[in-house]
Every structure is written in C-alpha cells, then in structure tokens.
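# Summary of structural features
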Amino acid sequence: TLAGLLCSAVHMMVYSILSISLITVAQEFQLTWAQRGFILSAFSLTYSIFQIPGGFFVMKYGPYIGPMFASCGSCLALIVIPIAVHIFGAGDKGAIVAIFYCNMLFLGFLGAGYNPAFHDIIAHKVPISSRSFVHNLVYSGQQLGAVVATVGVAASIGAFGWRVTYVIAGSICFFVGITWRLLVNRQMPNVDNSGPHENQVTEDGEPATVVFTTYEKWRTVLTSPAFLVICLNHFGSVWISRVAMNWGPTFLHTREGIEFSDLGYLAALPRLLGFFVVSGSGSLTLYLIQARHWTVASVRKFMQAIGMGLPALLLIWMNYETSTFLVIALLLSSSALTGLTFGGYHCNHIDIAPDPNMASLMYSITNTIGQLPGVIEPLIDSSILEFHSKLDPSTHTAANPSQAAWSTIWFIIVAVSAFCIFFWLLFCRGVPIVLVKRRG
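How each quantity is defined
- Residues numbered from 1 in each chain as written.
- Predicted model: local features only at pLDDT ≥ 70, side-chain atom pairs only at ≥ 80, totals over all residues.
- Heavy atoms only, no water.
- Helix = DSSP H or I, 4+ residues; strand = E, 2+ residues; numbered from the N terminus.
- Expected span 1.5 Å × (residues − 1).
- Buried < 20%, exposed > 50% of the residue type's maximum accessible area, 1.4 Å probe, protein only.
- Phe/Tyr/Trp six-rings, centres within 6.5 Å; stacked < 30°, edge-to-face > 60°.
- Polar contact = N/O pair within 3.5 Å; in protein donor to acceptor, adjacent residues only side chain to side chain.
- Contact = heavy atoms within 4.5 Å.
- Core = buried A, V, L, I, M, F, W, Y, C linked by side-chain atoms within 4.5 Å.
- Salt bridge = Lys/Arg side-chain N within 4 Å of Asp/Glu carboxyl O.

### Quick word on helix 13 (residues 324–337)
Across its 14 residues, helix 13 extends 20 Å between first and last C-alpha, which sits within 8% of the 20 Å expected from 1.5 Å per residue. Along helix 13, the residues that are buried comprise Val327, Ile328, Leu330, Leu331, Leu332, Ser334, Ser335 and Ala336.

### Quick look at the packing of aromatic side chains
Counted according to the given criterion, the structure contains 18 aromatic pairs. Both rings, one in Phe50 and one in Phe109, keep their centres 4.8 Å apart while their planes meet at 75°; by these two values the pair is edge-to-face. Linking Phe50 in the loop between helix 2 (33–49) and helix 3 (51–61) with Phe109 in helix 5 (residues 93–111), this pair joins segments that are 59 residues apart in sequence. For Phe109, a relative accessible area of 32% translates into the label partly exposed. On the numbers, 5.0 Å between centres and 45° between planes, the contact of Phe57 with Tyr61 is tilted.

### Some points on unusual backbone geometry
Positive phi, close to 55°, is recorded for Gln30, a residue that is not glycine. Looking at the secondary structure, you find Gln30 in the loop between helix 1 (2–29) and helix 2. Using a relative accessible area of 40% as the deciding quantity, one classes Gln30 as partly exposed.

### Structural notes on the side chain of His119
By the secondary structure assignment, His119 is in helix 6 (residues 115–125). In this structure His119 comes out as buried when scored by relative accessible area, which is 0%. Reaching out from His119, the side chain makes a polar contact with the side chain of Tyr139 at a distance of 3.0 Å. In terms of polar contacts, His119 uses its side chain to reach the backbone carbonyl oxygen of His346, at 3.0 Å. Not counting the four nearest positions on each side in its chain, His119 is found in contact with His135, Tyr139, His346, Cys347, His349, Ile350, Ala359, Ser360 and Tyr363.

### Quick notes on the nonpolar core
In terms of nonpolar packing, the biggest core is built from 103 residues, with Phe100, Trp162 and Trp410 touching the most fellow members. Sorting elements by how many residues they give to this core places helix 1 first, with 13 residues. Once you skip the residues sitting within four places of it in the chain, Trp162 turns out to touch Thr24, Val25, Glu28, Phe29, Ile81, Pro82, Val85, Phe100 and Ile157. Leu288, Val299, Met303 and Leu340 belong to the second-largest nonpolar core, a separate cluster that totals five residues.

### Regarding the pattern of salt bridges
The full count for this structure, using the stated rule, is three salt bridges. Arg163 is the partner of Glu28 in a salt bridge, and the nearest nitrogen-oxygen pair spans 2.8 Å. Here Glu28, found in helix 1, pairs with Arg163, found in helix 8 (residues 162–183); they are 135 residues apart in sequence, far enough to count as distant. Note that Arg300 and Asp351 form a salt bridge whose closest N and O atoms lie 2.6 Å from each other. Of the two residues, Arg300 sits in helix 12 (residues 296–319) while Asp351 sits in helix 14 (residues 348–352), which places them 51 residues apart along the sequence.

In structure tokens, the structure reads:
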C-alpha cells in the first residue's frame with residue numbers, strides 16, 4: 001500500500017508540475033494560449049493510447065515491473081527537458097513547444113504502467129472487506145502528488161527556477177521507482193476471495209460449475225451497461241479534474257489577480273483536502289456497508305453522484321459570485337470534493353469483474369476512454385480562452401481571458417456532470433457481472 005501510494009503520487013506529480021511551471025515557461029518564451037493547450041494535451045494522448053497495451057502487459061507479465069519502469073523513466077524525461085531547452089531551444093519558440101510536447105508524450109506513455117498494476121494487485125492480494133480502503137489509500141497518493149507539485153513547484157521555481165525544479169522532481173521519481181522495486185515482488189501471496197459468486201449460473205438461474213471461455217467473459221463485460229457506465233463516468237470525472245489541474249492556477253492568476261508566489265499554496269489546498277477525502281472515503285464505504293448495511297451498489301452511486309454533482313453546483317455558484325474570497329473557496333472546494341468519485345466509478349471495476357484477472361484490463365479500457373478529456377479538454381478550453389482574448393500590442397502576448405470565457409468552461413463541466421450522473425444512477429452495480437452459459 002505504501003509503495004502504491006508513492007507511485008500514485010509520482011504519477012500525478014509529473015503531470016501536475018506542468019500546470020504550475022507552464023505559467024513561468026509561457027511567460028519566458030511568450031507562448032500563446034493555443035500552444036499551452038497543445039502542450040497540455042500531449043500527456044493524455046499517449047496515456048490513453050497505451051492503457052490497453054498496459055493492461056495486456058500486466059495480464060501477461062504481472063503487475064510488478066510497470067510502476068518501477070514508469071517512475072525511473074519519468075526521472076529521465078524530466079531531467080532531459082531543461083537540457084534539451086538549453087541546447088536546442090534558444091530563441092526558437094517552435095523548438096520549445098516541440099521539446100515540451102514530445103516529453104509530455106513520453107511521460108504519458110510511462111503513466112500507463114501504474115494504474116492497471118494497482119488494480120491487479122488489489123484484486124488478487126487484498127481481501128474483499130478491505131479493498132475499498134486499500135484502493136482509496138493507494139489512489140490518495142494522486143492528491144499527495146498534486147500537493148507536492150503545486151507547493152513544491154511554486155517554492156522551487158521562486159528559489160531555483162523551473163529548470164532546477166524539473167531536476168529535483170526527476171530525482172523524486174527515481175527514489176520512488178527504487179522503493180517500489182524493494183517493497184513489491186512476486187512472493188506476495190494471493191488471498192482467498194473464493195465463495196458464492198453469481199457469475200456461474202445456468203440459464204434457469206441455478207448455481208453450476210461452468211467453464212467460460214475468455215471470449216465469452218469479455219463479450220459479456222464489454223456489452224454490459226454496468227461496464228459501459230463506468231466508461232462514461234471515467235470520461236466525465238477526468239474532464240472535471242483536468243480542468244481544475246490545467247486551468248485552476250491560471251484562473252486564479254488572471255481572474256482574481258492572485259500573485260504567482262501564492263498560486264502553488266492555493267492550488268495545493270484542494271489537493272491536500274482531497275488526500276483526506278479520498279483516503280477517508282475508503283473508511284466511509286466500509287462503515288456504510290458493514291454498520292449501515294448499504295449495498296455496494298448504493299455506496300458507489302452515492303459517492304459518484306456527490307463527487308460529480310456537488311462540485312458542479314459549487315462552480316455554478318462561483319460563476320455568479322463577486323467576492324474574491326468566496327470565488328477562491330468555491331473553486332478549491334469543488335476541486336477537492338471530486339475525490340469522492342474514487343469511491344464510485346474508480347474502484348467499481350474490481351466490484352463487477354467476473355474474474356479478478358480481468359480487473360486490470362477492464363480498468364485499462366475505461367481509462368483509455370477516460371483519458372480522452374485530457375486530449376480534448378485542453379484544446380477546447382484553450383480555444384475558448386484564445387477566442388475571448390485579445391493580443392496586447394505592447395507586449396505581443398495574449399491578454400487575460402474574459403469572464404465569459406471562464407463561464408463557458410464551468411457550464412461545460414455542469415453539463416458533463418449531469419449527463420454522467422443520470423446514467424450512473426440507472427446502471428451502476430456492485431456485484432460481479434453475471435455470466436450465462438447458453439444452450440447450443
């Protein structure tokens with residue numbers, strides 16, 4: 001669990017570091033809003049492309065190699081960026097964009113080595129009664145990684161500049177990779193989660209010992225509304241989180257006039273709170289199931305609906321608020337509360353998997369779809385910001401976006417949230433998908 005938490009933190013840190021540092025980088029090299037969005041979209045492009053190959057890799061070779069390789073590779077990628085800028089980027093804005101874009105593509109490829117491995121280990125190594133707790137504790141590392149990125153980057157850039165900051169972050173990645181290698185290995189025994197399952201039934205609904213082919217298992221899963229609704233909510237949840245990470249610091253800087261030196265600390269607050277939200281909600285799910293006798297499906301529906309619906313309502317309120325203090329509080333609270341979705345869609349793959357061996361690839365499939373917002377959202381939102389911004393003739397840089405531009409971005413979030421919640425409440429389930437052996 002500790003190794004998974006650290007790797008999860010590094011996974012989020014290498015992405016979050018750019019949303020803060022890009023403000024300084026964009027000012028130094030006079031990058032446009034469109035160029036910023038282009039760079040931010042690179043990570044999710046390869047991250048989504050390699051999710052399914054990553055799931056197959058875990059199924060064939062086990063979950064032990066990927067996180068170590070991804071962490072050590074991220075070390076190399078981050079250290080290369082300032083070196084490449086120094087050698088190839090002097091006075092060439094196109095080269096600067098290409099360097100950051102290509103390195104983000106590589107970091108996205110490496111990122112596919114984390115989550116499928118986590119899901120596979122949880123499905124095989126953790127008892128059913130503890131899965132929600134361990135899952136949320138591992139993935140709370142993402143919030144911790146974002147805190148390290150936002151606070152650490154703001155302080156480090158102020159003291160050393162963004163180039164040295166990237167080297168420091170790379171060193172952290174290397175340390176985590178070695179830690180994973182030392183703590184996690186193939187000698188960890190599987191737990192016995194055997195018992196009455198509803199995935200082996202006859203056509204009449206009577207329990208039976210039935211052997212299903214791989215094709216039959218995957219055909220049932222891929223056509224199940226319970227699985228498809230995870231894909232949809234993975235998409236919507238990532239859309240919300242990407243907006244907060246990509247544009248939250250910029251919004252506070254341009255709309256509310258927050259100084260750059262304070263951005264890291266403000267951006268870290270929802271992530272710090274999110275760390276406790278994600279880790280604490282694992283214990284909450286156990287309490288609701290064991291003490292209050294909620295079904296797993298009811299808990300998943302509750303967590304997902306609150307984790308997407310409440311942040312959307314807070315953003316609507318923020319859109320009409322004039323107090324700078326309340327605007328900041330609403331934005332940070334909205335971002336933090338999205339962590340509740342980790343108790344909803346994010347661990348639901350393990351709940352509904354007919355076979356624990358399928359959990360990692362099921363996650364890879366939904367995460368492939370879920371990462372599409374990482375590619376689409378920066379391009380759409382940067383285009384909105386670019387359209388509503390005028391070029392400052394004195395500095396030849398893009399002026400701050402208008403309030404109408406930011407309002408459009410928040411209303412898109414609300415629409416996505418409402419659509420996802422509606423179908424989640426209809427089709428979410430908390431038990432393994434039923435497999436039926438049909439006659440003939």
